[in-house]
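Observations on chain architecture
Given next are the chains, with one letter for each unit.
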Amino acid sequence: MQLLAGDIGGTGTRLRLVEFSPSLGLRTLYEDNYRSGDFDDLVPIVIRFLEAGQTATGTIFAPERACFAIAGPVVNNKVKLTNLSWFLEGERLAQELNIPTVSLINDFAAVGYGILGLQSQDLITLQDVPPQPGAPIGVIGAGTGLGEAFLIQQGENYQVFATEGGHGDFAPRNELEFRLLQYILNKYGIARSSIERVVSGLGIISIYQFLRDTTQEAENPEIAQVVTNWENGQGGSDPGAAIGTAALNNSDRLSIETMRIFVSCYGAEAHNFALKLLPYGGLYIAGGIAPRNLPLMQNGNFLKNFVEGGTMTSLLQNIPVHIIVNEQVGLIGAALFASRL
């Protein structure tokens with residue numbers, strides 16, 4: 001059976017055609033990437049993809065099922081993309097693409113399903129303890145925003161449940177974090193701040209701005225220019241990535257402190273998430289920031305803030321913790337979900 005899987009974001013669209021059989025699992029037939037902004041809808045991208053695949057392989061592709069992981073809230077198999085003007089409906093896509101069954105799922109839910117298809121080389125382990133069979137599995141991932149989801153075993157399969165946990169409140173734990181919270185509230189004129197405003201790519205920038213504006217530490221001219229260009233809407237390099245790189249290279253004290261605070265808050269939010277779920281099946285760290293900053297995630301700061309919990313420490317020390325380094329985990333998840341339709 002041919003299946004079509006897609007990971008649809010505001011910047012890029014990844015498509016993969018796979019062959020599925022219960023005995024052999026999934027086998028990739030063809031895949032390609034496209035710039036989402038070059039198209040006014042998903043349909044022309046899929047048509048071009050199928051035509052290119054048939055030309056490249058000499059095989060006629062006729063997928064029977066499709067699953068697209070979408071960056072946005074999916075309700076009743078419909079979604080308005082967060083960073084694109086697309087409005088997608090599974091039923092319309094099925095009709096226009098002549099695919100009998102089309103399902104849309106949230107992109108972070110797809111990451112949850114993708115965990116089930118990962119191999120050992122796709123993971124970096126921070127806390128190596130045995131998982132408990134049948135226990136919940138947690139997923140937390142900082143990228144452009146902060147995603148949180150969990151998996152519960154139902155029979156022989158796992159069901160993934162997406163959440164909006166990233167929009168929960170940022171809970172400061174010390175004087176520095178209280179000042180960071182007040183800085184964010186004042187800067188944006190808001191009454192409460194989500195944890196996503198701290199633990200995300202934009203959160204890295206917010207922490208840097210806080211330190212820049214409230215301490216006497218001198219800025220690295222190169223980092224300062226990148227951040228200023230971003231603040232002025234001039235584009236250029238990603239300031240969050242530039243700050244992370246400078247911290248990894250030990251070339252800028254402001255960036256080093258920024259990433260120390262970021263990783264600490266990341267570990268603290270993973271701590272809070274794990275206490276509510278007790279994911280003894282494993283806690284998986286997704287998103288693009290952790291793999292790009294592996295030494296900072298592995299130096300003990302994340303795990304220290306994850307396990308510290310007084311009487312709860314012993315519980316948290318028994319949760320396996322892994323960083324996902326396979327950037328195609330969402331695409332893997334979409335293919336696995338399609339195989340179950």
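Small disclaimer: the values here were computed from a predicted structure and weren't measured.

Examining the overall build of the chain
Tallying secondary structure elements over the chain gives 13 helices and 13 strands in all. Computed over its C-alpha atoms, the radius of gyration of the chain comes to 21 Å, within 12% of the 20 Å expected for a compact globule of 341 residues. Along the first, second and third principal axes, the C-alpha set of the chain runs to 65 × 50 × 35 Å. The 341 residues of the chain split such that 52% are buried. Taking as baseline every contact in the chain between residues at least 6 positions apart, the subset at least 24 positions apart corresponds to 68%. When the 21 basic and 33 acidic side-chain charges of the chain are each reduced to a single mean position, those positions are 3 Å apart.

Let's talk about the sheet that holds strand 2 (residues 12-21)
Hydrogen bonds along the backbone pair up the strands of a sheet, which may run parallel or antiparallel. Strand order in this open sheet of five strands is 3-2-1-4-7, and the pairing throughout is mixed. Whereas interior strands pair on both sides, the edge strands pair on one side only; in this sheet they are strand 3 (25-35) and strand 7 (101-106). Each strand of the sheet is rotated relative to its neighbour by a mean of 15 degrees, with strand direction disregarded. Bridge analysis of strand 2 against strand 3 gives ten bridges, and the strand direction is antiparallel. Within strand 3, the residue paired with arginine 14 across the bridge is asparagine 33. Each of strand 1 (2-8), strand 2, strand 3 and strand 4 (65-70) touches helix 1 (residues 42-57); the most contacted strand, strand 3, lies at about 120 degrees to it.

Quick look at the packing of aromatic side chains
With the rule as written, the count across this model stands at seven aromatic pairs. Seen from their ring centres, phenylalanine 150 and phenylalanine 161 are 5.2 Å apart, and the 20 degrees between their planes marks the pair as stacked. Here phenylalanine 150, found in strand 10 (residues 146-154), pairs with phenylalanine 161, found in strand 11 (residues 157-162); they are eleven residues apart in sequence, far enough to count as distant. Using a relative accessible area of 32% as the deciding quantity, one classes phenylalanine 161 as partly exposed. Sitting over the ring of tyrosine 188, arginine 197 keeps its end group 4.8 Å from the ring centre.

Quick word on the sheet that holds strand 10
Strand order across the open sheet formed by six strands is 8-13-12-9-10-11, with mixed pairing between neighbours. Across the chains shown, the open sheet's two edge strands, defined by having one partner strand only, are strand 8 (123-127) and strand 11. The average angle at which neighbouring strand axes cross in this sheet is 25 degrees, direction not considered. Contacting strand 9 (137-142), strand 10 and strand 12 (283-286), helix 8 (residues 253-277) runs over the sheet at an angle of about 155 degrees to strand 9.

Focus on the pairing of strand 13 (residues 321-324)
Neither face of strand 13 is exposed, since Val321 and Ile323 on one face and His322 and Ile324 on the opposite face are all buried. Where strand 12 and strand 13 come together, three bridges link them in parallel fashion. Note that in strand 13 the partner of leucine 283 across the bridge is valine 321.

Structural notes on the domain arrangement of the chain
Taken domain by domain, the chain consists of domain 1 (2-118 + 327-339) and domain 2 (165-324). Once you take the C-alpha centre of each, domain 1 and domain 2 turn out to be 31 Å apart.

A word on the side chain of arginine 212
Mapped onto the fold, arginine 212 is located in helix 5 (residues 201-214). A distance of 2.8 Å separates a polar atom in the side chain of arginine 212 from a polar atom in the side chain of aspartate 213. Excluding residues that lie within four positions of it along the chain, arginine 212 makes contacts with Glu219, Val227, Glu231 and Leu254.

Focus on the pattern of salt bridges
Tallied over the entire structure, the rule returns 13 salt bridges. Glutamate 89 is the salt-bridge partner of lysine 78, the closest N and O atoms lying 3.8 Å from each other. Of the two residues, lysine 78 sits in strand 5 (residues 78-80) while glutamate 89 sits in strand 6 (residues 87-89), which places them eleven residues apart along the sequence. Under the relative-accessibility criterion, lysine 78 is labelled partly exposed at 39%. For glutamate 96, the salt bridge identified is with arginine 92, shortest N-O distance 3.4 Å. Highlighted residues: glutamate 96 and arginine 92, both in helix 2 (residues 90-97), separated by four residues, approximately one helical turn. For arginine 92, a relative accessible area of 19% corresponds to the buried category. Residues participating in the shared-partner salt-bridge network are Asp41, Arg92 and Glu96.

About the cut-offs
- Residues numbered from 1 in each chain as written.
- Predicted model: local features only at pLDDT ≥ 70, side-chain atom pairs only at ≥ 80, totals over all residues.
- Heavy atoms only, no water.
- Helix = DSSP H or I, 4+ residues; strand = E, 2+ residues; numbered from the N terminus.
- Rg over C-alpha atoms; globule rule 2.2 N^0.38 Å.
- Buried < 20%, exposed > 50% of the residue type's maximum accessible area, 1.4 Å probe, protein only.
- Contact = heavy atoms within 4.5 Å.
- Lys, Arg positive; Asp, Glu negative; His and termini not counted.
- Charge placed at Lys NZ, Arg CZ, Asp CG, Glu CD.
- Pairing = 2+ DSSP bridges.
- Axes fitted to C-alpha atoms, helices over the stretch in contact; angles between N-to-C directions.
- Phe/Tyr/Trp six-rings, centres within 6.5 Å; stacked < 30°, edge-to-face > 60°.
- Lys NZ or Arg CZ within 6 Å of the ring centre and 35° of its normal.
- Domains from an automatic or database assignment.
- Polar contact = N/O pair within 3.5 Å; in protein donor to acceptor, adjacent residues only side chain to side chain.
- Salt bridge = Lys/Arg side-chain N within 4 Å of Asp/Glu carboxyl O.

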